[in-house]
Amino acid sequence: MTHKSVSIFDGKILAPALGDTFRKLDPRLMVKNPVMFVTLVGAAISTVEIFRSPADQVLFVVQIAIWLWFTVLFANFAEAVAEGRGKAQAKALRQTRTQTSANKISDDEKIKTVDADSLRKDDVIVVRAGEIIPADGEIIYGAATVDESAITGESAPVVREAGGDRSAVTGGTRVLSDEIRIRITCNPGEGFLDRMISLVEGASRQKTPNELALTILLAALTIVFLLAVVTLKPLGIYSGVTFSNPVLIALLVCLIPTTIGGLLSAIGIAGMDRLLQKNVLAMSGRAVEAAGDVDVLLLDKTGTITLGNRQATAFLPAAGVTERELADAAQLASLADETPEGRSIVVLAKNFGIRAREIHELPGAQFVPFTAQTRMSGVNYEGQQIRKGAATAVKQFLGGTLSPEIESAVETVSRSGGTPLVVATQERALGVVHLKDIVKGGLAERFQRFRAMGIRTVMITGDNQLTAAAIAAEAGVDDFLAEAKPEDKLALIRKEQTGGRMVAMIGDGTNDAPALAQADVGVAMNTGTQAAKEAGNMVDLDSNPTKLLEIIEIGKQLLITRGALTTFSIANDIAKYFAIIPAMLMVTFPVIAPLNIMHLHSPNSAILSAVIFNALVIIALIPLALRGVKFRPLGAAQMLQRNLLIYGVGGVIVPFVGIKLIDVIIAGLHLA
Amino acid sequence: MNIHQWLELALYLGALILVTKPLGLYLGRVFDANGRTWLDPLVRPLEKLTYWIFRVDPAKEQGWKQYTFAMLTFSLVSLLFTYTILRLQNFLPLNPQNFPALSEHLAFNTAVSFTTNTNWQSYAGESTMSYLSQMVALTIHNFFSAAVGMAVAAALVRGIARHTAQTIGNFWVDVTRITYYLLLPLCLVFAIFLVSQGMIQNFKPYTSAKLIESQTISVQKNDANGKPIVDARGNPVMENQTLDTQTIVQGPMASQVAIKMLGTNGGGYANANAAHPFENPTPLSNFLQMLALLCIGSAMTYHLGRETKNQKHGWSVWSAMFAMCLAGILICWWAEARGNPQHQQLGIAAADGNMEGKEVRFGIMNSALFATVTTDASCGAVNSMHDSFTPLGGLVPLFNIQTGEVIFGGVGAGLYGMLIFVVLTVFIAGLMVGRTPEYLGKKIESYDVKMVLLASVILAFVILGFTAWASVSDWGKSSLANQGPHGLSEILYAYTSGAGNNGSAFAGLNANTPWYDTTLGIAMLLGRFGMIIPLLALAGSLARKKIIPASAGTFSVSGVTFVVLLVGTILLIGALTFLPALALGPIVEHLLMLKGNLF
């Protein structure tokens, strides 16, 4: 799949969106959006009014009716485009499922080729090298390298194996080697992609809590303006002014918050689209909204804050041992150690002029692998038993004592955030290897930005207190939880939530599932287990732990866009009043002229200009609604001032300019 | 607008600032069921006795539904009590003038009016009410309606301050403590002060004075049914009447005036209200009456800050109120001082502005100041006739009421009205910091928004609905003394004043008709309880929520930005709702006046 975002006005999206725009005129759908429903009714009444208007007003009423219809259509169009974009992205993901057949294993262990669409949950299939996995599932037997680039864009193949935390496979990915048996975990149409697609489609889309609250506000404003306008009729009768229905409807539609009312659902859908562009599938709109509210980020140290592996950075020899002797011993002990740590020791030793020896160069060498019992690895060579391991393990190996200077070296390394490995022969400890966690670049600044936004970062690690504290300081996180067991994570989330905070975390393992379910925003990695994916409310297809930071930014951006356009919409009303109220009263009370501060051409042109502006502003703001307002990581106070200046003050000024311009054009064209 | 007047204004505002904190601290003790005050030795036994008589367990708090039920029961019972007394006035004692019983509609209107802290008066007190009616039927409401308003505000503040709580206080305890510890002692002191200024306090029958110069006035001639007789062309038949005696009002005035101001009731003892020489004898009494009507409203903001442990928020809410108060005073004063250009052209203008309908004793500045603050608060006492203000000067009181009387406001009502706008501001602007809206750590969710909007929509609904109805009905138009835009302003003002529980009148409108009495009564009931009930529901909902600790990412409810936002929201929502109606009334009238047309 390509990762470029789909352009807002891509022809492939626009054409079906135009069709949807009209399909959405169905009053049964419109009624879900009270603001636009009132506009629709207004447009319908104005259309009828065309035939009841005096001859000299027909042109005016026709124009009013046309622009009111446009207002409704523009709003529908905004929603249709947002939906279309989400669908296009989801479709692109779906197209990766080109596999049409699957090798199903029946109960009598016979392999039968069936249609991929006929697979049901709990069916077992076999996938061989070169084949595409037909549906989401879990490996129950075997291991294989899998090319997941179709989903993640990452070209390097990954290993997937039965049991443990790497057993989940996604439909549409390709097996490169070996053969695996997979138990299907979802019925067709219920996979993550299908859920995602249904979330951006109008039919099954549920309003998020904040969207619902905002809809109530907009509905209440609509009721208030409805009152203000409806009562104008009798007040007009009292004052000897006759307000025609089209004029009253024009005033009403201009006053009710059509801008935000028309764009509200598009903003919500676009938020999900943007997540999808980042290769994150949200399981609910509520999760996206919650992301903006997150107060605490739980980040696993390994993989998120540090590169996955530790590296040897220094040899600290014991008294009477040279650095070179220690390096030599350490290298010997690590030759058979294929872990990244082991290899980094071999590499570091080269700096002391010790060339990397091959295992076959050492006849008679007997390599001792790491076991959970000894917690050491090493080699028996030329009568020497060389071992490396954690200080406590080596201490036991040496009969329970370590020299004070070794103890202090171990202490120093631990305190600086490193992991000390003690290298020893059966006689004595030779020294300490300093293994260091490498903190990813740029994280400290990023956490700094989060702090400015009031978000606290907590690092979770199995390391001891000292090590954890040092890495936490280097990475710039606010807090850390050391020697953490999976259940500690859950307890920490519960504790933060009891304090009223919202917690986000990212995880992959089965033992992360309870914590993922408890967190307000739980992002499961796509490489993780099925259990983890079911428990979280988002799935990161790239399995990139730092993605959490981007998810939060998208959540915040979504909320800001909503607030900004609401403010803009309400602020617009001032100018519209100044356009329409004088125009309505001008004939009966010519003294009202000073209130026509925009010096609009005529009463009709003033009203028409306001209506046209009101419709056009929806179209003009569609790109902003879909893209989201520009997000800067600032503190609340600066963020508010900035947005208030742009969308509040701007919202007051822009319509004055816009309405005046439209009025000049209308007057120039003699339309009113 | 001379230097003395500026100094007086500065003195008034300075005094208001000074009383805010000490009174606010005292309020906190009154609202706390276990709070200690220096009145304890005296009042505590009385308080305990009251609980014992009414079987109230002061330690037992109520959830919002129980609280609301208690509040409604209390209001209904006291409303019926007053209605009964007014209907039976002629059979009851302390009626030296032998006033008859009030009509059904006037008794309904008056009972509702005093129960809802509106104190709209469709009658002239000195020619309608017996001393018993004034002292018992009406004055108890001056205390109780004020206490109910404060109790509701205190409950709402508790809801905001508490977390994961099921209760919002005990209504009976709140009302008892507010009455005993706050209103009664303050009124006692204030009434004694007012008597020292020359205000009357007695049970004497009205006295008659012979005029030095008899006067002849022309009045409408009425038939036996009290209907005006009209001639063949439809004009009323006039007849001359010679007046040579004047009846001077007497009675227990100081005791009622003290609570009238402190409780922001505003119902005058005399029809002329605070313009009457007895009801407002000296400049000092005028000054302190104005201070009395804003001081509790101002102190409530301090209590909000203290209770929520965010004093900055309390002062920010205060600042928003203060800024709007000052702006209103200056606009009104300026408009009145500028006067009527028509008068100036005719050479009949008073030197310092529009003196029509104003007491010479108080002058332009004190009249404009009084008019502004009495409508800032939901008081409605007047020391001048708002009807005679210039259109723009009259627009200020009207707009003050239409924005919900949130500029300090009625005791309690001002704060809970303001909190509606605070929550709305937080909800609209709060999103712009990238979080779902939260107010002092409480998430504002659908239910809360629904309640806040219910409370605010009801005002627009009642005001605009009834005004529109009255303006096209015969019953509505026949009561008007003025035609044209000014007549519309009068109707609009009446319903605005009723629904806003203000009670001041634009005069010029004969509201004592069955239609107006009844519709205004309904407007007052809806305006009061239609607002209180959703707000208590809001208090209950907020009390149950968890508090999210504030962080750098939290929307701040203090500081200049917030004050500007809050004022902006109030002006915008107020202006947007009522601008069309205002345009047809005072705005057109103002422009017409500038062009030479008067109504």
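Residues numbered from 1 in each chain as written. Chains lettered and ligands numbered in written order. Predicted model: local features only at pLDDT ≥ 70, side-chain atom pairs only at ≥ 80, totals over all residues. Heavy atoms only, no water.

Let us now look at the packing of aromatic side chains. Residue and element names in this part refer to chain B. In this structure the tally under the stated criterion is 27 aromatic pairs over all chains. Between Trp-315 and Trp-318 the ring centres are 5.4 Å apart and the planes differ by 80°, which places this aromatic pair in the edge-to-face class. With a gap of three residues between them, Trp-315 and Trp-318 both fall in helix α9 (residues 311–338), about one helical turn apart. A relative accessible area of 31% means that Trp-315 is categorised as partly exposed. Aromatic rings pair up to connect Phe-466, Trp-469, Trp-475, Tyr-495, Trp-515 and Tyr-516 into one cluster. The cationic tip of Arg-177 hangs over the ring face of Tyr-181; the distance from NZ or CZ to the ring centre is 4.5 Å. The positively charged end of Lys-358 is found above the aromatic ring belonging to Phe-389, 4.1 Å away from the centroid. (Phe/Tyr/Trp six-rings, centres within 6.5 Å; stacked < 30°, edge-to-face > 60°. Helix = DSSP H or I, 4+ residues; strand = E, 2+ residues; numbered from the N terminus. Buried < 20%, exposed > 50% of the residue type's maximum accessible area, 1.4 Å probe, protein only. Lys NZ or Arg CZ within 6 Å of the ring centre and 35° of its normal.)

What follows covers the sheet that holds strand β10 (residues 280–282) of chain A. Adjacent strands of a sheet form backbone hydrogen bonds with each other and so pair up, either parallel or antiparallel. Residues and elements named next belong to chain A. Taking strand neighbours across the sheet as the criterion, the seven strands line up as β10-β22-β21-β20-β11-β18-β19 in an open arrangement whose pairing is mixed. The two strands at the open ends of the sheet, each matched to only one other strand, are β10 and β19 (479–481). Between one strand axis and the next, the sheet turns through 20° on average, direction left out of account. Relative to strand β18 (residues 456–460), strand β11 (residues 296–300) is paired through five bridges, and the arrangement is parallel. Across the sheet, Asp-300 pairs through a bridge with Ile-460, a residue of β18. The sheet strands contacting helix α11 (residues 285–293) are β10, β21 (521–525) and β22 (538–540), and the helix crosses β21 at an angle near 110°. (Pairing = 2+ DSSP bridges. Axes fitted to C-alpha atoms, helices over the stretch in contact; angles between N-to-C directions. Contact = heavy atoms within 4.5 Å.)

A few words now on the interface of chain B and chain A. Contact with chain B, which involves 59 residues of that partner, is made by 65 residues of chain A. Here chain B packs against chain A, burying approximately 4900 Å² in sum over the two surfaces, 77% of which is carbon and sulfur. Looking only at chain B, the three residues that lose the most surface to chain A are Met432(B), Leu576(B) and Leu584(B), adding up to 15% of its buried area. Across the contact surface, chain B and chain A share two salt bridges. For Asp293(A), the salt bridge is made with Lys443(B), and the minimal N-O distance between the two is 3.5 Å. In this assembly, chain B and chain A are joined by 11 residue pairs in polar contact (both at pLDDT 80 or more). Within the residue set of the side of chain B that touches chain A, elements represented by two or more residues are α13 (413–430), α14 (446–471), α16 (484–499) and α18 (560–595) of chain B. A total of 17 residues in the side of chain B that touches chain A trace back to one element, the largest contributor, which is α18(B). Residues belonging to the side of chain B that touches chain A are distributed by class as follows: 37 nonpolar, 15 polar and seven charged. (Buried area = accessible area lost by both parts, 1.4 Å probe. Salt bridge = Lys/Arg side-chain N within 4 Å of Asp/Glu carboxyl O. Polar contact = N/O pair within 3.5 Å; in protein donor to acceptor, adjacent residues only side chain to side chain. Nonpolar A, V, L, I, M, F, W, Y, C, P; charged D, E, K, R; others polar.)

Think of a ball as big as a water molecule: rolled over the atoms, this probe shows where empty space is left. Enumeration according to the criterion identifies nine cavities of 30 Å³ or more in this entry. If you add up the space inside the largest cavity, you get close to 290 Å³. Secondary structure elements with two or more residues in the lining of the largest cavity: α7 (209–230) of chain A together with α13, α14 and α18 of chain B. The biggest single contributor to the lining of the largest cavity is α14(B), with six residues. In terms of residue class, the lining of the largest cavity is made up of 19 nonpolar, seven polar and no charged. Space inside the second largest cavity adds up to approximately 140 Å³. Along the wall of the second largest cavity there are 15 residues; nearest its centre are Glu405(B), Ala413(B), Gly500(B), Asn501(B) and Met531(B). Elements represented by at least two residues in the lining of the second largest cavity include exactly α13 and α17 (514–544) of chain B. For the lining of the second largest cavity, a count of residues per class yields five nonpolar, eight polar and two charged. (1 Å grid on protein atoms, 1.4 Å probe; cavity = no way out; pocket = protein on both sides within 12 Å on 5 of 7 lines; lining within 4 Å. Points joined across faces, edges and corners; volume = space filled by probe spheres on them.)

Okay, the pattern of salt bridges next. Applying the stated criterion across every chain, the model contains 38 salt bridges over all chains. Residues Glu79(A) and Lys24(A) are paired through a salt bridge, measuring 2.8 Å at the closest nitrogen-oxygen approach. Of this pair, Glu79(A) sits in helix α4 (residues 58–94) while Lys24(A) sits in the loop between α1 (11–23) and α2 (27–30); the two residues are 55 residues apart in sequence, bridging distant segments of the chain. For Lys24(A), a relative accessible area of 11% gives the class buried. Taking the shortest distance from any N to any O, the salt bridge between Arg501(A) and Glu496(A) comes out at 3.2 Å. Look at Arg501(A) and you get partly exposed, because its relative accessible area is 26%. Residues joined in a network through salt bridges with shared partners are Asp293(A), Asp295(A), Arg435(B), Glu438(B) and Lys443(B).

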